[in-house]
Amino acid sequence: MAAPPTTDSTSGTPDRVARIQAEWRRERPDLDVSPQGVVGRLHRLAGYLTDELHTVYARHGLGEGEFDVLATLRRAGAPYERAPGELAEHTMVTTGAMTKRIDRLVAAGLVERRAAPGGDGRRRLVALTPAGVERIDAAFTDHMANERRLVDQLSAEDQRALEGVLTRWLRAYET
């Protein structure tokens, strides 16, 4: 049996995903399009949330990739440094993409490359500069306020339930 269209609680009309599902149900009644209700809404929501996050990064003169590198270094704790390969692993990008991000951050004076202690000089580390610490601390403070604003559109109960569901679902891909 087909699920009824999901409606927008403010207008009482079916949302975009529900309208798309209704069209598919009409055209392909042989297929169960109910998964589209979850995946389609998650996909659309991810786009909206990404735009909201990028706005905060841009306010601090950062792109998503630069924010990610600075945050990864800051999370490492003093002296806020990691090897480029570790950065790539923690941010899930290729080493080539990481090199470009680091180059941009070095040019901006937010990170520096330096030789790792105790080595022969070939192993390098990337470290936050004082300006980098200041930038990521301000950006992360605004980022957390923005994420709070975004999730506060849901009740505390819905936030907890959604986090649990998403944690379990994500685990299926990350184990």
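Here the structure is a predicted model, which is why all the values come from computation and not from measurement. (Residues numbered from 1 in each chain as written. Predicted model: local features only at pLDDT ≥ 70, side-chain atom pairs only at ≥ 80, totals over all residues. Heavy atoms only, no water.)

**Student:** How should I be thinking about the overall build of the chain in this particular structure?
**Tutor:** Secondary structure assignment for the chain yields seven helices and three strands. Taking 16 Å as the expected radius of gyration for a compact globule of 175 residues, we find that the chain reaches 22 Å, considerably beyond that expectation. Along the longest, intermediate and shortest principal axes, the C-alpha atoms of the chain span 70 × 30 × 25 Å. With 175 residues in all, the chain has 25% of them scored as buried. Taken as a whole, the chain presents about 11,700 Å² of accessible surface, with 56% of it coming from carbon and sulfur. Averaging the positions of the 25 positive and the 26 negative side-chain charges in the chain gives two centres separated by 3 Å. (Helix = DSSP H or I, 4+ residues; strand = E, 2+ residues; numbered from the N terminus. Rg over C-alpha atoms; globule rule 2.2 N^0.38 Å. Buried < 20%, exposed > 50% of the residue type's maximum accessible area, 1.4 Å probe, protein only. Areas by Shrake-Rupley, 256 points an atom, 1.4 Å probe, with all protein chains shown as cover. Lys, Arg positive; Asp, Glu negative; His and termini not counted. Charge placed at Lys NZ, Arg CZ, Asp CG, Glu CD.)

**Student:** What exactly am I supposed to notice about the sheet that holds strand 3 (residues 124-128) here?
**Tutor:** What links the strands of a sheet is backbone hydrogen bonding, and the strands pair in either a parallel or an antiparallel sense. The strand order across the open sheet formed by three strands is 1-3-2, and the pairing between neighbours is antiparallel. Lying at the two open borders of the sheet, with one neighbouring strand each, are strand 1 (81-82) and strand 2 (111-115). Of the strand pairs in this sheet, strand 1 and strand 3 are connected by two bridges, and their pairing is antiparallel. In the sheet register, Glu 81 faces strand 3, and the bridge partner there is Ala 127. (Pairing = 2+ DSSP bridges.)

**Student:** Before we go on, may I ask you to explain the side chain of Thr 91 in this structure?
**Tutor:** Inspection of the secondary structure assignment puts Thr 91 in helix 4 (residues 84-91). Given the relative accessible area of 6%, Thr 91 is considered buried. Those residues within four positions of Thr 91 in sequence are excluded, and the remaining contacts are Asp 68, Val 69, Thr 72, Met 98 and Arg 101. (Contact = heavy atoms within 4.5 Å.)

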